[in-house]
Amino acid sequence: MNILIVGGGGREHAIAKEIIKNPAVKKLYAAPGNGGMASICELVPLKATDVGGVVRFAREHDIDYVIVAQDDPLCLGMVDALGDEGIAAFGPCKAAAMIEGSKVFAKDLMKRYGIPTAAYETFDDYEAALNYVRASAPLPIVVKADGLALGKGVLICSTREEAEEALKTIMLDKKFGASGDKVVIEEFLTGPEVSVLAFTDGKTIKPMVSSMDHKRALDGDRGLNTGGMGTIAPNPCYTPEMAERAMKEIFLPTIDAMNREGRSFRGCLYFGLMITGDGPKVIEYNCRFGDPETQVVLPLMKSDLLTVMLATTNGTLDQTSVEFSRDAACCVILASGGYPLSYQKGYEIHGLEEAERTANVYHAGTKLNEQGHPVTSGGRVLGVTATAPGLEEAIEKAYRAAEKITFTDRHMRHDIGQRALSALRGE
Ligand code: AMP
Ligand code: GLY
C-alpha cells in the first residue's frame, strides 16, 4: 500500500513510526511532515489544510490510504473529498468532525442525549452574553469560542471583569476569527483530567490506554496554556470503575447520538474527561488523536496500528483486536524558549542519536537545514517518550534521554508525571 499522512507534528511522527512497521506498506508520504519524518517518509510540500492539493496528490501517486491526523482538514471535509475520488481515508467525514469543529454543536448534542458535561449556555449575540456574565453566571466561569482555535479558545475567568474581557476578545476583537461568532459559557468543574482516545467505526468503540496531558507551560501547572508540554499513560485517576462508567455513560451514548444525528463517526474520537464528584464528565471532544497523547499511547499499543485504522474505515472493528501493553509511558516535550508566545527558530539540534538509544524521539517543530542537519522550526520541537514497567521508571528514563538533547533556549517542564505519581501513592 502507498500511504499518505496529512499533518506534521509529533503526533504524525508517532503515527508514521507505527505505520511503517506493517510489511504491506510500500511507500509512506507525509504532507507536510517534519525533519524527523523525512527519514521514513517522502515529504510532500503541501499544507495539511490544502484539501484540493492533497486529493490531487493522492490521485496522481496511487495512494491507497490517507491518514488525516489534524483537526482542520477533517473539519474542512478532506475525508469526504478523498471519498468522492474513491480514495479511502482514516478519520471522520465533515459532518462527524463537527463534534470538535463546533463546541455549541457538541454541547447541544450532549444535552439532547443526556451525556454528562458541564452546565452551559450558548450565545451568538455579544450583548446577550455580556448581560449573562454580568448578572447571573456563577464564578469562576469558563468562556469558550465555538470553533477551532488551536487549543487557545478556552478562557477560565475568576471575576466578572475577566469574563467580560474574554467575551470582548472572542466576540468583538475576533481573536480567533469566525470561531468566535458564537460562544459557550459554562460551569467550572474541578477534578483530575483524563484523556481517552478511542477507535470507532461508528458501531463498535474500542478505547486506547488512558493518558494525562500537562497543558501549562511551566512547572506546577503555572504559566500559559500550550498545546501540551508532556503526557503520561496510563492515567492512574482513571480507575477500572471510572472506565466502566465512561463507557456506559459517555462513549456508547456518544456513538449512538452521532448515528441518530446522521453523523456516524469513524476514526479516532478523543474524549477529554474530568473525574468530578458526580463521576466522569466531558470537557471536550476532539475528532482526532491528541497531541502529545498519541506519543505515549501508540508506543504502548501491541496491535498493528494500520490494521486497526483500516478496520475503522471498513466497519470491521468488532473483529479486530486492539491490545495495549501493561507498561507505562512518559513523553517530555522540548519546546523553544518563549513558547507559546514568540520564539526564535533555526537553532541546530544535538544529541538526538544518543537519546534515541533509550527513548522514542518524535519530531514536531523541526526541519532539516541545507546540510541535512535538524534545526528548530516551531514552538514544540520534540517529544521524548520512554516506556517501562512502572510509571516512575518511565518518567526517569524519559528525562534522562531528554537531557541528552540540546539546542539554544531549550525549554521543558521538569514535573511531567509527578501529579500522576502522587495519585498512585494515594496522596
Ligand atoms: P479545551 O481546549 O476544551 O481542552 O480546554 C482547555 C482546558 O481548559 C481543559 O483541559 C481544562 O483544563 C480547562 N477547562 C475547559 N472547560 C472547563 C470546565 N468546564 N471546567 C474546568 N476547566 C475547564
Ligand atoms: N492534547 C490535547 C489535544 O490534542 O487537543
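For the structure, see preceding data.
Procedures and definitions
- Residues numbered from 1 in each chain as written.
- Chains lettered and ligands numbered in written order.
- Predicted model: local features only at pLDDT ≥ 70, side-chain atom pairs only at ≥ 80, totals over all residues.
- Heavy atoms only, no water.
- Salt bridge = Lys/Arg side-chain N within 4 Å of Asp/Glu carboxyl O.
- Buried < 20%, exposed > 50% of the residue type's maximum accessible area, 1.4 Å probe, protein only.
- Helix = DSSP H or I, 4+ residues; strand = E, 2+ residues; numbered from the N terminus.
- Contact = heavy atoms within 4.5 Å.
- Polar contact = N/O pair within 3.5 Å; in protein donor to acceptor, adjacent residues only side chain to side chain.
- Pairing = 2+ DSSP bridges.
- Axes fitted to C-alpha atoms, helices over the stretch in contact; angles between N-to-C directions.
- Core = buried A, V, L, I, M, F, W, Y, C linked by side-chain atoms within 4.5 Å.
- Near = heavy atom within 4 Å.
- Areas by Shrake-Rupley, 256 points an atom, 1.4 Å probe, with all protein chains shown as cover.

Undergrad: Could you give me a rundown of the pattern of salt bridges, with the residues and numbers involved?
TA: All told, the structure shown has 22 salt bridges when counted by the stated rule. Residues Arg-11 and Glu-12 are paired through a salt bridge, measuring 3.1 Å at the closest nitrogen-oxygen approach. Here Glu-12 falls in the buried class, since its relative accessible area comes to 1%. Its salt-bridge partner being Glu-249, residue Arg-245 comes within 2.9 Å of it at the nearest N-O pair.

Undergrad: Please set out the environment of Tyr-65 residue by residue, giving values where relevant.
TA: Mapped onto the elements of the fold, Tyr-65 is located in strand β4 (residues 65-68). Each C-alpha atom, one on Tyr-65 and one on Ala-128, is 47 Å from the other, the two residues being 63 residues apart in sequence. Look past the residues within four positions of Tyr-65 in its chain and what remains in contact with it is Met-1, Asn-2, Ile-3, Leu-4, Ala-88, Ala-89, Phe-90, Leu-306, Met-309, Leu-310 and Thr-313. Among the polar contacts listed, one links the side chain of Tyr-65 to the backbone oxygen of Met-309, at a separation of 3.1 Å. There is a polar contact of 2.6 Å between the side chain of Tyr-65 and the side chain of Thr-313.

Undergrad: I'd like a description of the pairing of strand β7 (residues 141-145), backed by residues and values.
TA: Of all five residues in β7, five are buried; the element is thus mostly enclosed. As paired strands, β7 and strand β8 (residues 154-157) are joined by four bridges and run antiparallel to one another. Its bridge partner lying in β8, Lys-144 is registered against Val-154. As defined by bridge partners, β7 adjoins strand β9 (residues 183-187) across five bridges and the pair is classed as antiparallel.

Undergrad: Could you give an account of the sheet that holds strand β6 (residues 120-123), with specific residues and numbers?
TA: Read across the open sheet, the four strands follow the order β6-β9-β7-β8; overall the sheet is antiparallel. At either margin of the open sheet sits one strand with a lone partner, and together these are β6 and β8. Taking the axes of each pair of neighbouring strands and ignoring which way they run, one obtains an average angle of 20° across the sheet. The pairing of β6 with β9 spans four bridges and is classified as antiparallel. Following the sheet pairing, Thr-122 is matched in β9 by Val-184.

Undergrad: Before we move on, can you summarise the nonpolar core with the specific residues and values?
TA: Counting residues in hydrophobic clusters, the biggest one holds 80 residues, and the most contacted among them are Leu-4, Val-66 and Phe-271. Leave out the neighbours within four places in its chain, and Phe-271 touches Val-194, Ser-195, Val-196, Ala-198, Ile-205, Ile-250, Phe-251, Thr-254, Glu-284 and Tyr-285.

Undergrad: Tell me about the site of ligand 1, and name the residues and values.
TA: Not every one of the 15 residues close to ligand 1 is listed here, only the nearest: Glu-186, Glu-187, Leu-189, Glu-193 and Glu-284. At a separation of 2.9 Å, a nitrogen atom of ligand 1 approaches a polar backbone atom of Glu-187. Glu-284 is positioned with one of its side-chain polar atoms (N or O) 2.7 Å from an oxygen atom of ligand 1. The fraction of the free accessible surface of ligand 1 (470 Å²) that becomes covered by protein chains is 92%. Only β7, β8, β9 and β17 (279-286) provide two or more residues apiece to the shell around ligand 1.

Undergrad: Run through unusual backbone geometry, naming residues and quoting values.
TA: Between Ala-31 and the following residue, Pro-32, the backbone shows a cis peptide bond with an omega angle of -5°. Among the secondary structure elements, Pro-32 is positioned in strand β2 (residues 27-32). A cis geometry characterises the amide bond from Leu-139 onward to Pro-140, with omega recorded as -10°. Within the fold, Pro-140 resides in the loop between α7 (126-135) and β7. Backbone geometry places Asp-221, a non-glycine residue, at a positive phi of 55°. Judged by relative accessible area, Asp-221 falls into the partly exposed class, the value being 29%. Backbone geometry places Asp-409, a non-glycine residue, at a positive phi of 65°. Note on placement: Asp-409 falls in the loop between α13 (391-404) and β23 (410-411).

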